[in-house]
Amino acid sequence: MRLRLEAVAAAAVAVALLLVAGAGGADPPATAAAGWESLLGDRPTAQLGNRWVVVLAKPSLASHVLAAGGHATEERERGWTAKARRDQRDVLARLAFRGAPIEPEHSFVRVLNGFAAPLDARALAIVQRDPDVKGVYPVRTAVPAAVDPSTADDLAGGTEGRRPNLGIPGFDGAGVTVALLDTGVDLVHPFIRSALLRGLDVLDPFGDASARQNPTVPGRPERHGTEMAGLVAGEDGPAGLQGVAPGAAVLPIRVAGWQPDAAGGVSVYGRTDQVLAGMELAVDPNQDGDAHDAARITLIGVVEPFAAFPDSPLSRASSGAAALDSLVVAPSGNDGPAGPAYGSIGGPGGAAAALTVGAVDTRRRSPTGHVLLLAGLRVLVSGVQPLGGVVDPKLSVNAPVVALTRATQAIVGAGGGIKRLFDTSGFSRVGGSAVLLPRGTSSPEAVREVVAAGARAVLVDGPLPAGSLGTDGPADVPILGLASADANAVRASLRLSVPVMLAVGATAFDQNSDLGSTAPFSSEGLSFDGGPKPEVSAAGVGLATSDPGRDEDGAARYGTLSGSSASAALTAGAAALLAQARPDLDAGGLKQALVASARRGGRAIAGTVDPSAAASSELVSTPPAVPLGFALKADTTLRRTITLRNVSRRTLNIVIEPGRSDAADITVDTDPPAAHIRPGSSLKVLVAAVVPLLPRPPSALDGVLRVKIRGGATLQIPWTIAVPLPKPDLISKARLSSGSFKPSDVEPAVLTIVAGRVDGTAERPQLLPLRLLAIDLYRGKREIGRLVQIRDVLPGRYAFGITGRGPRGGRLPRGDYTLRVLAVPVGRSAVDQQLVPFTVK
C-alpha cells in the first residue's frame, strides 16, 4: 500500500550525487478523511530552492538558559545570544575557507543554533563533513492546518457556527501574550483589532503581518491567520461571539502566505525555515537577544505534513522555546486517522515539548437531505445523505448536472474566475445546474463563484462530512460530496452525452451521530519517538470566527473554521487562561496541567482540554504522556523514569495505581508506588512495563497511569508502547539507469529507490519513515566514503544522479564500484541496506 506523502524536494545533495527528484507515489485511498482532503485542495508544490536547515552543535540561548537552571538576567541572556552568533559566524567562516561560502537566509540563535540557506552540491558535502554540524535537514512545505469552510454566504453576521466553550471563571487571559505563527492577519477587523500587537513578518521583513491579497488575482486575501486570531482572542462579535481568551494579546507573526509555487503561480504556504524564523521572533519579539519578553504561548497554525520527527529542526526549536518559557501549541494535522503505530501527525506536533492538539466534532446536529442522482436510468445515489451546507427545509432542487473540467481548477476559486463561467453573450454556463467541481477545488471561493453564476447545487468529488462547508444557518444551495466512483461515473456519462440529473429534498438538521468523536480529518498515531499524539483534543468543526475583509455593505465578515488548527487555537486560548490563573506554572507546567486534566473516557482519541480543571492542578508529570519504548519481542520489560512535581502549597500524599492494558495483559508498576511530596518538590518515579505477548506488528499498546492524591484529583498519565516491525524492508526497487558510464556532471546515471514504507490498511495507514538515508561508495571491500546522507526521510520514491565523482569531488578512476544504500528507520527496528554495483568507464 502506498500513500502520496510530501517528502524531500531538493536539487543537489553531494558533489558525487545530484538529487534529481523527490518522493512520489500513488494517490491515497479513499477513507473517512477523503472528503476533507478535497476541501484542503491540492497542497501547493512549493518553491523550496535547494534550501536546507543546518543545525550546529554549538549552544543556543535556550541551551545556555537550560544549563543555568532556567533563570538568567537580561544581561546574561544578551551575552549568550551574542556568543551564539559569534560561534555561528566562526563556523560559517571555516566553511567558506574550505570552499563553501554560505549566505544564510535565516539565522537561528535563540531556540536552536543553526541557519537556513540554499546549498549546492559542493557546499552541502562540505557542510555535512564539518565537526560542528549536528545535522542537515531538508526544508519542507508547511501548510495551514485547516479545512476552511468559511464564506460570507454561509455565515450571516457571525451569529451561527459552533462557539468556543472553554473558560476559567474570572479569567480572560489578560497579561498573557499568544504569538500566532500563521498567515497574515486583518489588522483592522473589529473582532480582533484590540487584541493585536504590532506584528512581525518573516516573508517581508518590512511588513506588518497584515493579510496580503493574491498578487495575481485581487480579492483573495490570506484568511487563516485572521480566523485563528478570532478563536484565540476575539471580542464583542455579533450576538456576543468571542474567543477563548478575549483579554489576551495576540502577536501576529507572518510565516506563511502567498508565495511563488512550482507551477508558476502563487499559493498560500510557508516553509519550515520560515516557521523556525517565526519561532525565533516569538521568544524575542524586540530582537535584542533577551528572551524575557517571550510570548507565553506560541501557537503554530501551519503544519509540516506527516513529519512527526523528534529531532527535526522544528522539534528542537519547540524544546528551545520551552526552555525560554514559551509553550508551543501545534495542530496534529489534517491527514486523517492512522496508526495505532506511527501515524499521520504533522510537524512540529511530533515534538515532545509541543502540546499537540487533535480535533473533535462537538456539533449536536448536522445537515442531511434525501438525494437521488441519476445517470440516464442508472441510479448512482439514492437515500439520505450528509450535506456540506444547510439549506432551507422548504427548498427542493431538481437540476441537470454539469461537470467542470480539471482545467477549470485554475479558473474556479481564483477570483475573477466567475467571468469564465459565462459565455461571450453573458449567459451562465452553469445557471440552473448542479455543478460537479474538479477534485481539489471545493474551496469557499469556488463554491461562492459557481453559486453566484447561478448553480442550484454543488457536488464535490469525494465524500463530504456533514456540515463541513456550511454552518448552523441557512446556505443558498445544497452541497453534496460524492464517492470518487460516483463522481467518475457522472463524468463518464456526460462525456457520452448521457443526461445526469440531481434531486435533493427533505432537508433536515438531524442529530449528529459523530458528536464527541475525533473529527474524521484529524491526524493521529504515535510520533516517531513512540510518544502518544495528540495529547489533547478540542472542538474543531464549524467554529465561528472572524474572516478577513468586508461585505458589500461595509460590515466586517465572519465565517467558520474547521481543522486541527482551529482546535489548537482554542487550546492556545485555554493555555493563556491557565497562564493567567496559574502564573507559577512554567511552559512545561502549563502543558503538563492541560494534559493531566483533560477529560477522558469519551469517543475522542485524546482527552478533551479542560482549563478549569487544569487551573486546580496540584501535581504534574514530566513527561505528561509517556512513551515507554519499543517492544520487538515477547517477554520484554521496558523502563522509563518520570518526574512528579508538586505545584500546590500543601504536602501531597500520593498512591500510584498499577496500569494495565487489556489488549496484551500488560502490567505497569512503579517504584515507589506511594510517596509524600512537599510543596515545590519533585519525585522521580521508575515506571516498568512487562509485555508478555505482542500484537502483530506494526502496532502499539497504550494505557493510563493514575496517580491518586489524597484529598485531591487523580492525575492521569497516558503511556504507549510502540510495536514496530523488527526487520522491515526499507529499501526497494534500487536501480541505476546505466550500470556502466563515463563520469559526467551533465548527464549522470540515475539511481532510483523507494525508501521507507507504509503498512496498515487504507483506513488506518501506518508510516515507517527513516531517521537517515545514506549512500556510501565502495571499491571492492574498501569503503571510499559517504556520498550523501539525508535526515528525516518520509516514505516515497527518490532519485539521485550518480556523476562518477568521489566523496570529495574528484573524478573516479576506471573500474568497478558498489553503492551501499543504507536506511536507518525511526524507532528501534533494524537497519536495511541494498548494494548496487556499477562500472566507471
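See above for the structure.
Conventions and cut-offs
- Residues numbered from 1 in each chain as written.
- Predicted model: local features only at pLDDT ≥ 70, side-chain atom pairs only at ≥ 80, totals over all residues.
- Heavy atoms only, no water.
- Core = buried A, V, L, I, M, F, W, Y, C linked by side-chain atoms within 4.5 Å.
- Buried < 20%, exposed > 50% of the residue type's maximum accessible area, 1.4 Å probe, protein only.
- Helix = DSSP H or I, 4+ residues; strand = E, 2+ residues; numbered from the N terminus.
- Contact = heavy atoms within 4.5 Å.
- Axes fitted to C-alpha atoms, helices over the stretch in contact; angles between N-to-C directions.
- Left-handed = near helix turned anticlockwise from the far one by under 90°.
- Nonpolar A, V, L, I, M, F, W, Y, C, P; charged D, E, K, R; others polar.
- Expected span 1.5 Å × (residues − 1).
- Pairing = 2+ DSSP bridges.
- Phe/Tyr/Trp six-rings, centres within 6.5 Å; stacked < 30°, edge-to-face > 60°.

K.L.:
Please clarify how the nonpolar core should be interpreted in this entry.
P.N.:
Nonpolar side chains tend toward joint burial in soluble globular proteins. The biggest cluster of nonpolar side chains holds 59 residues, and the ones touching the most others in it are Ile297, Leu299, Leu327, Val329, Leu570 and Leu578. It is helix α10 (residues 564-581) that contributes the most residues to this core, 12 residues altogether. Every residue in contact with Leu299, bar those within four places of it in the chain, is listed here: Val178, Ala179, Leu180, Leu181, Met228, Val232, Val329, Ala568, Ala569 and Ala572. Listed in part, the 45 residues of the second largest apolar core include Ala179, Ala295, Leu324 and Ala351.

K.L.:
How should I be thinking about the packing of helix α5 (residues 224-233) against α10 in this particular structure?
P.N.:
Packed helices, taken two at a time, are described by the angle their axes make and the gap between the axes. Close contact between α5 and α10 brings their axes to 8 Å; oriented N to C, the two are set at 35°. The crossing of α5 and α10 is right-handed. Across the interface between the two elements, His224, Met228, Leu231 and Val232 from α5 touch Ser565, Ala566, Ala569, Leu570 and Gly573 from α10. By residue class, the composition of the contact of α5 with α10 is six nonpolar, three polar and no charged.

K.L.:
When you look at the environment of Pro583 in this model, what are you seeing that I'm missing?
P.N.:
Looking at the element boundaries, Pro583 is found in the loop between α10 and α11 (587-597). For the pair Pro583 and Val176, spaced 407 residues apart in sequence, the C-alpha separation works out to 9.8 Å.

K.L.:
What is the right way to read α10 from this model?
P.N.:
Think of an α-helix as 3.6 residues a turn; residues three or four steps apart then line up on the same face. Its 18 residues give α10 an end-to-end C-alpha distance of 25 Å, which sits within 8% of 26 Å, the value for a rise of 1.5 Å per residue. Burial runs high along α10: 17 of the 18 residues are buried.

K.L.:
I'm lost on the sheet that holds strand β44 (residues 770-779) in this one. Help?
P.N.:
Pairing between the strands of a sheet comes from backbone hydrogen bonds, and it takes one of two forms, parallel or antiparallel. Ordered by their spatial adjacency, five strands build an open sheet running β40-β48-β47-β44-β45, and the pairing between neighbours is mixed. Looking at strand neighbours, the two that pair on one side only are β40 (740-741) and β45 (782-793), the edges of this open sheet. Two elements, β44 and β45, share nine bridges in a ladder whose sense is antiparallel. Across the sheet, Leu770 pairs through a bridge with Val793, a residue of β45.

K.L.:
Please clarify how the packing of aromatic side chains should be interpreted in this entry.
P.N.:
The description of two aromatic rings rests on the distance between their centres and on the angle between their planes. Under the criterion given, the structure shown has five aromatic pairs. Through a chain of ring-to-ring contacts, three or more aromatic side chains come together here, namely Phe309, Tyr342 and Phe528.

K.L.:
Help me understand unusual backbone geometry in this model?
P.N.:
For residues that are not glycine, phi is negative in most cases, and the peptide bond is trans in most cases. For the peptide bond that leads from Thr622 to Pro623, omega is -5°, which places it in the cis range. For Pro623, the location among the structural elements is in the loop between β29 (619-622) and β30 (626-630). In this model, Pro697 is joined to Pro698 through a cis peptide bond whose omega is -5°. Summarising the element assignment, Pro698 is placed in the loop between β36 (682-691) and β37 (699-709). You will see that Gln287, though not glycine, has its phi angle at about 55°, which is positive. With respect to the element layout, Gln287 can be found in the loop between α6 (272-283) and β12 (297-300).

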